[in-house]
Amino acid sequence: MSKEPISVNAIINGEKIQTDKKITRENPTHPEQIVGYAPNNTREETIQAIDAAYEAFKTWKWSDVDDRIARMNRAIQKIKDQLPEIAELLSREHGKALYDAQGEIAISLMWMEFAVENVKKATSPEELNHENGRTIISHDPIGVVSAITPWNYPISLSTIKIAPALLTGNTMVLKPSPFAPLAVSLVTEIIADEFPAGVLNLVNGDAEVGVELTSNPKIAKIAFTGGTNTAKHIMKAASDTIKNMTLELGGNDAAIVLEDFDVNDERALRRMVISNFLTAGQICMIAKRVYVHRSIYDAFVEKYIEAANKWIKVGDPFHPDVTVGPVNNKAQVNYVNSLVEDAKNKGAKIIPLGTILNPELMDNGYFLQPTLVLGADVHDRVVVEEQFGPTVPILPFDDEEEVINLHNESIYGLTSSVWGEEEHALKVARRIEAGTTMINTAAVQGLDVHFPFGGVKQSGVGREYGLDGIKSYTETHVINVPTMKELPYIPE
Ligand code: NAD
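Conventions we followed
- Residues numbered from 1 in each chain as written.
- Predicted model: local features only at pLDDT ≥ 70, side-chain atom pairs only at ≥ 80, totals over all residues.
- Heavy atoms only, no water.
- UniProt positions renumbered as here; feature names shortened; annotations may be inferred.
- Phe/Tyr/Trp six-rings, centres within 6.5 Å; stacked < 30°, edge-to-face > 60°.
- Helix = DSSP H or I, 4+ residues; strand = E, 2+ residues; numbered from the N terminus.
- Buried < 20%, exposed > 50% of the residue type's maximum accessible area, 1.4 Å probe, protein only.
- Lys NZ or Arg CZ within 6 Å of the ring centre and 35° of its normal.
- Axes fitted to C-alpha atoms, helices over the stretch in contact; angles between N-to-C directions.
- Parallel < 35°, antiparallel > 145°, perpendicular 65-115°, else oblique.
- Contact = heavy atoms within 4.5 Å.
- Left-handed = near helix turned anticlockwise from the far one by under 90°.
- Nonpolar A, V, L, I, M, F, W, Y, C, P; charged D, E, K, R; others polar.
- Core = buried A, V, L, I, M, F, W, Y, C linked by side-chain atoms within 4.5 Å.
- Pairing = 2+ DSSP bridges.
- Right-handed = clockwise from strand over helix to strand, strands pointing away.
- 1 Å grid on protein atoms, 1.4 Å probe; cavity = no way out; pocket = protein on both sides within 12 Å on 5 of 7 lines; lining within 4 Å.
- Points joined across faces, edges and corners; volume = space filled by probe spheres on them.
- Domains from an automatic or database assignment.
- Polar contact = N/O pair within 3.5 Å; in protein donor to acceptor, adjacent residues only side chain to side chain.

Going by what an unreviewed UniProt entry lists, the protein is known as Aldehyde dehydrogenase and is assigned to Ureibacillus massiliensis 4400831 = CIP 108448 = CCUG 49529. In its Sequence similarities (unreviewed entry) section, the UniProt entry covering the protein states "Belongs to the aldehyde dehydrogenase family."

Right, here's the structure in full:
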């Protein structure tokens, strides 16, 4: 689907800005087609956006929560009204299938509505009268938040930050990824238009803009989603001014299939396949390595291939039957290929999965044939690195102790899943080191915006979603009026 390229704006202090220098976003399905342009903002423009947010905070922090809720509700309605056009643009610039783009926006709206409905519950002040005096505990906004987001779920990973930050009285400068800046810019503009100038600012660019957003002394909190290595730079950049941080990072989520998993459960196998290949495997919380008890390994692999061949249909994201579109960018294609090649060279068997619906697109677009990797070693790159693409290794294990160790020795701990008889799976799940562990499902199928989401170890710091995901944009302020008792240990 070729269309005229769109040009999105930066937003600084309520002004819509165009720049001479642009980020060009191509269509991963047809890389010769340009989907649109975003401003390639400079460091100076980023400072202007931070200054605007800093000034706006001085009044916005005292705004009434009902007023903030009303503004956010208007923005939610406008996003709903424009959902078809936004989803279409997201699908074209990203490469994810149209249903997947619509799903991303639906999850974003679900979260924004949760945040609106729960901001008071999460942050209303508590007044306590007790035997030691009177105490008021309030949850105050933090200040200017810089939000930096990746390309894989650009809208949901931006709104996950925008909604709670603004509803709790913070101001923000958002910087999306240059690999998918267009649809998220439209959504951000819709929201920014409902709020006073300077409350929500938007800049585009890459590391240079990111460095300003993570080191500028006027930034009080960083809300970052992206790779673990980028987060290491961010922590260093932020250390001079000790910023509050939420970091949502990479994962190498394991699916553990116990010996009592029913290999004839077609719905469960379908969920497993989706949890490996949705969005062409480019989800932080997708199951990226599968360990299966050796007693059912052969039967599992056979049934898995059947289920995968049924569900995976690769092609144009706008083809009504396509479930897996292209990968977002060429560098990611090369990286995933390098992991598969490495495993193949070490003797692993690579099994192609699914049906190619548009063979004519495969060579030109950023497509990868989804694959299963069998016979890889537990230490091969495809097992220990985050592939973030449509390939998955399946490995056998002999006992639970061994597989729990294999899971927990990873530097990552984002999500995980255990598949089998429920009580048995729960027992194993309790021993897993991860932010979330799902039973008999995985990835977004088990996601619930009502509950906190985030990683342990090098998968992150802090939580998004749930009441915690709202509270994380506040600082607790205790005002204490103690009864004026003399402290017995202080001398006259
Ligand atoms: P990335 O780390 O390359 O980029 C993320 C963002 O950081 C982009 O906006 C980028 O421009 C910016 N950036 C780059 N260098 C910077 C710097 N020095 N300072 C500040 N900002 C900088 O990640 P990506 O390739 O866009 O996304 C893929 C990664 O994101 C994967 O590892 C994936 O697992 C992770 N991810 C995590 C979650 C989660 O919730 N835990 C969700 C989605 C993606």
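### Notes on the packing of aromatic side chains
Tallied over the full model, the rule gives seven aromatic pairs. On the basis of an interplanar angle of 75° and a centroid distance of 5.4 Å, the ring pair of Trp151 and Phe388 is categorised as edge-to-face. With a gap of 237 residues between them, Trp151 in the loop between strand 8 (144-148) and helix 5 (154-167) and Phe388 in the loop between helix 12 (381-384) and strand 19 (391-397) connect regions that are remote in the sequence. Each member of the pair, Trp151 as well as Phe388, is classed as buried. Ring centres of Phe261 and Phe300 lie 5.9 Å apart, and the angle between their planes is 65°; on these two criteria the pair is classed as edge-to-face. Pair noted here: Phe261 is in the loop between strand 13 (254-257) and helix 9 (266-277) and Phe300 is in helix 10 (residues 297-311), with a separation of 39 residues, a long-range link. By the burial criterion, Phe261 is buried, and Phe300 matches it. Site record: aromatic cluster; members linked through ring pairs are Phe261, Phe300, Tyr304 and Trp419. Over the ring of Trp60 we find Arg68; its NZ or CZ atom is 5.8 Å from the centre of that ring.

### Considering the packing of helix 3 (residues 83-94) against helix 6 (residues 182-193)
Their axes nearest at 8 Å, the elements helix 3 and helix 6 cross at an angle of 150°. Put simply, helix 3 runs roughly antiparallel to helix 6. For the pair formed by helix 3 and helix 6, the contact residues are Ile86, Leu89, Leu90 and Glu93 on the first element and Leu182, Ala183, Val184, Leu186, Val187 and Ile190 on the second.

### Points about the UniProt feature "domain: Aldehyde dehydrogenase" (unreviewed entry) in the protein
Mapped onto this structure's residue numbering, the UniProt feature "domain: Aldehyde dehydrogenase" (unreviewed entry) falls at residues 20-478. Secondary structure content for residues 20-478 is 41% helix and 20% strand, while the C-alpha to C-alpha distance between its ends is 49 Å.

### Observations regarding the packing of helix 4 (residues 98-123) against helix 5
Packing of helix 4 against helix 5 brings their axes to within 9 Å, and their N-to-C directions diverge by 10°. As far as their axial angle goes, helix 5 and helix 4 are roughly parallel. As helix 4 runs across helix 5, the sense of the crossing is right-handed. Facing Glu104, Ile105, Ser108, Trp111, Met112, Ala115, Val116 and Val119 of helix 4, the residues of helix 5 in contact are Pro154, Ile155, Ser156, Thr159, Ile160, Ala163, Pro164 and Leu167. When the residues that make up the contact of helix 4 with helix 5 are grouped by side-chain class, the tally is twelve nonpolar, three polar and one charged.

### What about the nonpolar core?
One finds Met72, Leu166, Ile191, Phe300, Tyr304 and Ile394 to be the most contacted residues of the largest nonpolar core, which totals 107 residues. Sort the elements by how many residues they give to this core and helix 4 lands first, with ten residues. If near-sequence neighbours (up to four positions away) are discounted, Tyr304 is found in contact with Leu269, Met272, Val273, Asn276, Phe277, Leu353, Leu372, Val392 and Ile394.

### Re the UniProt feature "active site" (unreviewed entry) in the protein
Mapped onto the present numbering, the UniProt feature "active site" (unreviewed entry) falls at Glu248. Positionally, Glu248 belongs in strand 12 (residues 244-248). Given the relative accessible area of 4%, Glu248 is considered buried. The contacts of Glu248, once residues within four sequence positions are left out, are Phe224, Thr225, Gly226, Leu414, Phe453, Gly454, Gly455, Ser459, Gly462, Arg463 and Glu464.

### What about the pairing of strand 8?
Residues in a regular strand point their side chains to alternate faces of the sheet. Among the five residues in strand 8, five count as buried, and that is most of the element. The pairing of strand 8 with strand 9 (residues 171-175) spans five bridges and is parallel. Note on strand 9: the bridge partner recorded for Ser146 is Val173. In this region the chain leaves strand 8, passes through helix 5 and returns to the parallel neighbour strand 9; the handedness of that crossover is right-handed. In the sheet, strand 8 pairs with strand 11 (residues 219-225) via five bridges, with the strands oriented parallel. Counterpart to Ile148 in the pairing with strand 11 is Phe224.

### Considering the environment of Val333
Residue position: Val333 is located in helix 11 (residues 330-345). Taking the C-alpha atoms as reference points, Val333 and Pro390, 57 residues apart in sequence, are found 9.5 Å from one another.

### Section: helix 7 (residues 207-215)
What helix 7 keeps buried is the set Val209, Gly210, Glu212, Leu213 and Thr214. On the buried face of helix 7, the contacting elements are helix 1 (43-60), strand 8, strand 9, strand 11 and helix 8 (228-239).

### Considering the sheet that holds strand 6 (residues 126-130)
Strand order in the open sheet formed by three strands is 6-7-23, and the pairing between neighbours is antiparallel. Either end of the sheet is taken by a strand with one partner, and the two such strands are strand 6 and strand 23 (474-482). The mean inter-strand angle of the sheet, taken between neighbouring strand axes irrespective of direction, is 15°. Of the strand pairs in this sheet, strand 6 and strand 7 (residues 133-141) are connected by five bridges, and their pairing is antiparallel.

### Some remarks on empty space enclosed by the protein
Under the definition given, this model contains three cavities of 30 Å³ or more. In this structure, the largest cavity encloses a volume near 160 Å³. Residue lining of the largest cavity: 13 residues in total, with Tyr153, Ser156, Leu157, Met285 and Leu447 positioned closest to the centre. At three residues, helix 5 tops the list of elements feeding residues into the lining of the largest cavity. In terms of residue class, the lining of the largest cavity is built from eleven nonpolar, two polar and no charged. Residue-level mapping places the lining of the largest cavity at the junction of two domains, with at least three residues from each of domain 1 (6-249 + 455-478) and domain 2 (254-446).

### Overview of the side chain of Ser63
If you trace the backbone, Ser63 turns up in the loop between helix 1 and helix 2 (65-81). Within the structure, Ser63 has its side chain in polar contact with the backbone oxygen of Trp60 (distance 2.6 Å).

### A look at the side chain of Ser156
Tracing the backbone through its elements, the reader meets Ser156 in helix 5. In this view, Ser156 contacts Glu104 and Ser108; residues no more than four positions away in its chain are not counted.

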